[in-house]
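The chain contents come next:
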Amino acid sequence: IPLPSSPLPTTRISRLSTFASLAFTLLTSPDKSAVLSKYLRRLRGGALKLGQMLSLQDTSVLPEEWSKALDNLRNKADTMPADELDGVFREEWGITIGMVNEGRTEGFIRTDRKGDTEKEDREHWLLDYTEINDTNVMKGADGKHITINDIKEMRPVAFASASIGQVHLATLQDESHMIVKVQYPHILESITSDIENLQSLISYLNVVPKGVFIDSIIEQGLREVSGECDYLREARGMSRYRDLLNSDPELVALGFTVPRVAEGLTTEKVLATEYAFGVTIDKCNDMDQGIRDKIGRGVLRLTLLELFVWRFMQTDPNWGNFLYDDVTDTTTLIDFGGVRKFDKSFVEGYLEIVMAASNGEEENLMAKSIEMGFLDGNESPIMLEAHKGAGLVLGEPFRTEGKYDFGSSNITSRIGQHAKVFSQHRTQPPPPEVYTLHRKLAGAFLLCTKLKCNFECRTLLDEVWVRVKEGNVEE
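Read on for a plain summary of the structure. (Residues numbered from 1 in each chain as written. Predicted model: local features only at pLDDT ≥ 70, side-chain atom pairs only at ≥ 80, totals over all residues. Heavy atoms only, no water.)

In this section: the overall build of the protein chain. From N to C terminus, the protein chain includes 19 helices and 13 strands. Here the protein chain holds 475 residues, and 55% of them are scored as buried. For the protein chain, restricting intrachain contacts to residue pairs at least 6 apart in sequence, the fraction spanning at least 24 positions comes to 74%. Per element, the accessible surface of the protein chain, about 20100 Å² overall, is 52% carbon and sulfur. (Helix = DSSP H or I, 4+ residues; strand = E, 2+ residues; numbered from the N terminus. Buried < 20%, exposed > 50% of the residue type's maximum accessible area, 1.4 Å probe, protein only. Contact = heavy atoms within 4.5 Å. Areas by Shrake-Rupley, 256 points an atom, 1.4 Å probe, with all protein chains shown as cover.)

All right, on to the packing of helix H12 (residues 289-310) against helix H18 (residues 433-450) then. Packed helix pairs are characterised by how far apart their axes lie and by the angle those axes make with each other. Put simply, H12 and H18 touch, their axes get as near as 9 Å, and they point 170° apart. Between H12 and H18, the angle falls in the class roughly antiparallel. In contact with Gly296, Val299, Leu300, Thr303, Glu306 and Leu307 of H12, H18 contributes Leu437, Lys440, Leu441, Ala444, Phe445, Leu447 and Cys448. Tallied by class, the residues present in the contact of H12 with H18 amount to nine nonpolar, two polar and two charged. (Axes fitted to C-alpha atoms, helices over the stretch in contact; angles between N-to-C directions. Parallel < 35°, antiparallel > 145°, perpendicular 65-115°, else oblique. Nonpolar A, V, L, I, M, F, W, Y, C, P; charged D, E, K, R; others polar.)

On to the sheet that holds strand S7 (residues 279-280). If you trace the four strands from one edge of the open sheet to the other, you get S5-S10-S9-S7, paired in mixed fashion. In the strand order of this sheet, the two ends are held by strand S5 (256-257) and S7, each with one partner. Where S7 meets strand S9 (residues 322-325), two bridges bridge the pair, whose relative direction is antiparallel. Bridged to Thr280 within S9 is Leu323. (Pairing = 2+ DSSP bridges.)

It is worth spelling out helix H10 (residues 231-246) at this point. Count 3.6 residues to each turn of an α-helix, and residues three or four apart come out pointing the same way. Between the first and last C-alpha of H10 there are 22 Å, a value that for 16 residues agrees with the 22 Å anticipated at 1.5 Å per step. Most of H10 sits out of view: 13 of its 16 residues are buried. The N-cap residue of H10 is Asp230: its side-chain oxygen and the backbone nitrogen of Leu232 are 3.0 Å apart. (Expected span 1.5 Å × (residues − 1). Polar contact = N/O pair within 3.5 Å; in protein donor to acceptor, adjacent residues only side chain to side chain.)

Take a nonpolar patch on the surface next. On the surface, a cluster of nonpolar side chains totalling about 300 Å² of accessible area is made up of Phe159, Tyr275 and Phe277. Within the secondary structure, Phe277 sits in the loop between strand S6 (270-274) and S7. (Patch = residues over 30% accessible without salt bridge, like charges linked within 9 Å, V, L, I, M, F, W, Y side chains within 5 Å. Salt bridge = Lys/Arg side-chain N within 4 Å of Asp/Glu carboxyl O.)

See the structure below:
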């Protein structure tokens, strides 16, 4: 079924006008979920991305109709009209999809923007690498890097679309497949105005409790979504992540993998990678228990390694970023626009909190939370009790002897109950890194709950704890 297509509002005035129309319609329409979906699907960019980030925070952040609308928009944003799509490819490749399909590739030129991008990465995202490992580059049967002439056909109609770009399928001369992700025009330029408009809309409609500290969430979102607009950066992050994953024998044995990059076809606004077969992992809930447990254990192990050993994380817990192929029994990770590193001292302090919660050490949990800036110690008794309660629930899978039954635990809803207290009684925002870390860990638990996983968790945390204490971590 073709995805809907619409021109992208690119000017500040056109996007402001769309936001104003959205605000008025939300006030007057009884079906707010449908209205929000329609407008954000058309806006795309920072508006949709930041909205999705808000929906992945605790359940008290947005009204139910907002969260429902945003959740339904994953991979369903409007696509570009053909003339806009041709414009992006002419800018990045010098030729259009039609010219590729006709074999007229002599005008191909890979646009390669550098300069401030790497400086920005080092200063704000702490990415200290600039090259793609050659083992992570797509190659043909002759061992050479994939080039434009290796493409036999490229479909002009996108099969997926999201906040930043849309995805096309290409068939190579050897009949294998490749995906080509194309960024919408002027998305990066729209982000700042989108954030201002989104803040104004949320404030005007008064839909977020004061204890959520929405400005802090949006500020963190600005950093994340800005980084996602550079596909050269994403390609480097993808290569780095593939190296880290392949260094862990258990993840490899569990069938987890990352696609290779077609480096010679990738630019700041076009990303070409291997095609991954499979269904999104949330669609695996009817598969055998052993398969579901294998996927859940792998995702939880991956999350703990990202947080505490690699300190390098793919920050978007969207289930659509994991594809399970029952033919090869593999789980492929895709979409690395949100990869980032974390400070060693902060991550080690956060691990102390997780371990205290997992051991049921209430005093240590609260003391470390104050030391790390989660609390200032002057909160109301109800807020302090909610923080302690949420921490103990978070540590429950690791505190349980033997297998933990996620399916019957109600763990995410119990954390959500405590989060509702946070939204009303929190007196200061948590450290900015926490928005990402909590979102990732909660996403892993939510997946295990949806798949009704039942596996032993404590050894996963103990292994990470030992590695950190012994210094056996990435530097």
